[in-house]
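Spelled out, the chains give:
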Amino acid sequence: MDGQADAEHEALVADVFSAACASRAVLEHVTGRWGVLALVALNDGVFRFNALRRRVQGVSEKMLAQTLQALERDGFVHREARPTIPPHVEYSLTPAGQRVAQRLMGLIEVLEAAVPDVVAAQARYDAAKAAGA
């Protein structure tokens, strides 16, 4: 391969461990607190903005808007704006977003099932730290 072909090939190979890889930014969008919750909520169907905000309790309007915009740009969320008064905007998952949301649901299920063990581990850790302090 010549230098240009090598550079083009390198640009297509995703390596999340590489600081220059675009997959890092995408990973951040997906795995940030609001990205995970927005994707998993949208896995339940189509939502208007305020309904999604009520579903993802604790997210500010600004953070949800930024999160949805990033996920839309990455190709995981579809935004449909109907030209009505007032505007009617709906959010849904793209096929890529559905695949990601399904994986995130598996992680959430594991984490929720582990809550009793996590709480017990935290109590043990805190007790050990307090005893050693």
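What counts and what doesn't
- Starting from 1, residues in each chain are numbered consecutively following that chain's sequence as written.
- Only residues with pLDDT of at least 70 get local features here, since the model is predicted, and only at 80 or more are side-chain atom pairs given and counted; chain-wide, interface and lining totals rely on the full set of residues.
- Hydrogens and water are ignored here; the side-chain numbers use all heavy atoms of the structure.
- Helical segments are the DSSP runs of H or I of at least four residues, strand segments are the runs of E of at least two, and each set is numbered from the N terminus.
- Expected span, for any helix, means 1.5 Å times one less than how many residues it has.
- Each residue gets one of three labels from its accessible area relative to the maximum for its type: buried under 20%, exposed over 50%, partly exposed in between, using a 1.4 Å probe on protein chains only.
- Comment: arc refers to directions from the helix axis out to C-beta atoms.
- By the convention used here, residues are in contact when the closest approach between their heavy atoms is within 4.5 Å.
- Here the rule is simple: two strands pair whenever DSSP picks up at least two bridges between them.
- Convention adopted: a line fitted to C-alpha atoms gives each axis, helices being fitted over their contacting stretch, and angles between N-to-C directions are expressed from 0 to 180 degrees.
- UniProt positions are given in the numbering used here, feature names are shortened, and annotations may be inferred rather than shown by experiment.

J.: Which parts of the structure should I look at to understand helix α5 (residues 61-73)?
T.: Along an α-helix, a turn takes 3.6 residues, which lines up residues three or four apart on a common side. The end-to-end C-alpha distance of α5, which contains 13 residues, comes to 18 Å, matching closely the 18 Å that a straight helix rising 1.5 Å per residue would cover. Along α5, the positions that sit buried rather than exposed are Leu64, Thr67, Leu68, Ala70 and Leu71. Looking straight down α5, one finds that the buried residues subtend no more than 160° of arc, so they occupy a single side. Turned more than 90 degrees away from the buried face of α5, the exposed residues are Lys62, Gln69 and Arg73. If you follow the buried residues of α5, they end up packed against α2 (23-31), α3 (33-42), α4 (49-55), β2 (77-82) and β3 (88-93).

J.: Which parts of the structure should I look at to understand the sheet that holds β2?
T.: Sheets are built from strands that pair by backbone hydrogen bonding, the pairs being arranged parallel or antiparallel. The strand order β1-β3-β2 describes an open sheet built from three strands, whose pairing is antiparallel. The open sheet is flanked by β1 (47-48) and β2, the only strands paired with a single partner. For β2 and β3, the ladder comprises six bridges, and the chain directions are antiparallel. Each bridged residue has a counterpart across the sheet, and for Ala81 the counterpart in β3 is Val89. Along the sheet, α3 contacts β1, β2 and β3; its crossing angle with β3, the most-contacted strand, is approximately 95°.

J.: How should the UniProt feature "domain: HTH hxlR-type" (unreviewed entry) in the protein be read in this particular structure?
T.: UniProt marks residues 21-119 with the feature "domain: HTH hxlR-type" (unreviewed entry), using the numbering shown here. Its end C-alpha atoms 36 Å apart, residues 21-119 is made of 64% helix and 14% strand.

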